[in-house]
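Structure at a glance
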Amino acid sequence: GDAGQVQIDARGDVRVDGPNTGIVSQVGLSAMGDSGGIVLSANNLSVLNDAVLSAGTLGAGNAGRIAISAIGDVLVDANAVIDSSVLPGGTGDSDGIVLSADNLSVLNGSGLNTTTFGMGNSGRVEINVTEDIRLVDGLIGSAVFPGATGDSGGIVLSTNALSVCNASENSTRT
């Protein structure tokens, strides 16, 4: 069966902080069914210090979409990751990431990406930020890795200003 959707509707801020900490919707190894993905709305969102927001598949099924709506800022910092991925051995599509906020910062080894390491398409990354997108040693990407089968969903950015600094990338790969 399906993993079900994780829905978070916070009136205030959401903070996901620390190693082994995350909000996850996943199709497990050898399982069949779709991840329901993650729908999160908040005033501000911080994903910090190796924490993850992840929709993925290790089995047979789609990874699920991550939809984030923040009234204020989204901060992804200190090796934290927001991703929708087809993991090694997985079969299915990443359903992508849709994010809207006033400001987005991806910093210090962190990433916001869709990937496939298995058999399926990496989803589209769609970002609508009214003010600034800032990448400092960060990544926004959609990739198909070696040995995987599928297409990259691409990246669509809509913003007032974009800064890409210090070993950062905004990229699609196959």
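Please refer to the structure higher up on the page.
Source: prediction; values computed, not measured.

Regarding the side chain of Thr114
Here Thr114 lies in strand β12 (residues 111–116). Only 2.5 Å separates the side chain of Thr114 from the backbone oxygen of Gly123, close enough to count as a polar contact. Excluding residues within four positions of it along the chain, Thr114 makes contact with Ser84, Ser94, Gly96, Ile97, Ser122, Gly123, Arg124, Val125, Gly141, Ser142 and Ala143.

Observations concerning the sheet that holds strand β1 (residues 4–9)
Read across the open sheet, the 6 strands follow the order β1-β4-β7-β10-β13-β16; overall the sheet is parallel. In this open sheet, the two edge strands, each paired with only one partner strand, are β1 and β16 (155–158). Along the sheet, successive strands turn relative to each other by an average axial angle of 5°, direction set aside. Where β1 meets strand β4 (residues 35–42), 5 bridges bridge the pair, whose relative direction is parallel. Within the sheet, the bridge partner assigned to Ile8 lies in β4 and is Leu40.

Considering the pairing of strand β3 (residues 22–27)
Burial along β3 is one-sided: Ile23, Ser25 and Val27 are buried, and none of Gly22, Val24 and Gln26, which face the opposite way, are. Here β3 pairs with strand β6 (residues 52–57) via 6 bridges, running parallel. By the bridge assignment, Val27 is partnered in β6 with Thr57.

Reading the values: the criteria
Residues numbered from 1 in each chain as written. Predicted model: local features only at pLDDT ≥ 70, side-chain atom pairs only at ≥ 80, totals over all residues. Heavy atoms only, no water. Helix = DSSP H or I, 4+ residues; strand = E, 2+ residues; numbered from the N terminus. Polar contact = N/O pair within 3.5 Å; in protein donor to acceptor, adjacent residues only side chain to side chain. Contact = heavy atoms within 4.5 Å. Pairing = 2+ DSSP bridges. Axes fitted to C-alpha atoms, helices over the stretch in contact; angles between N-to-C directions. Buried < 20%, exposed > 50% of the residue type's maximum accessible area, 1.4 Å probe, protein only.

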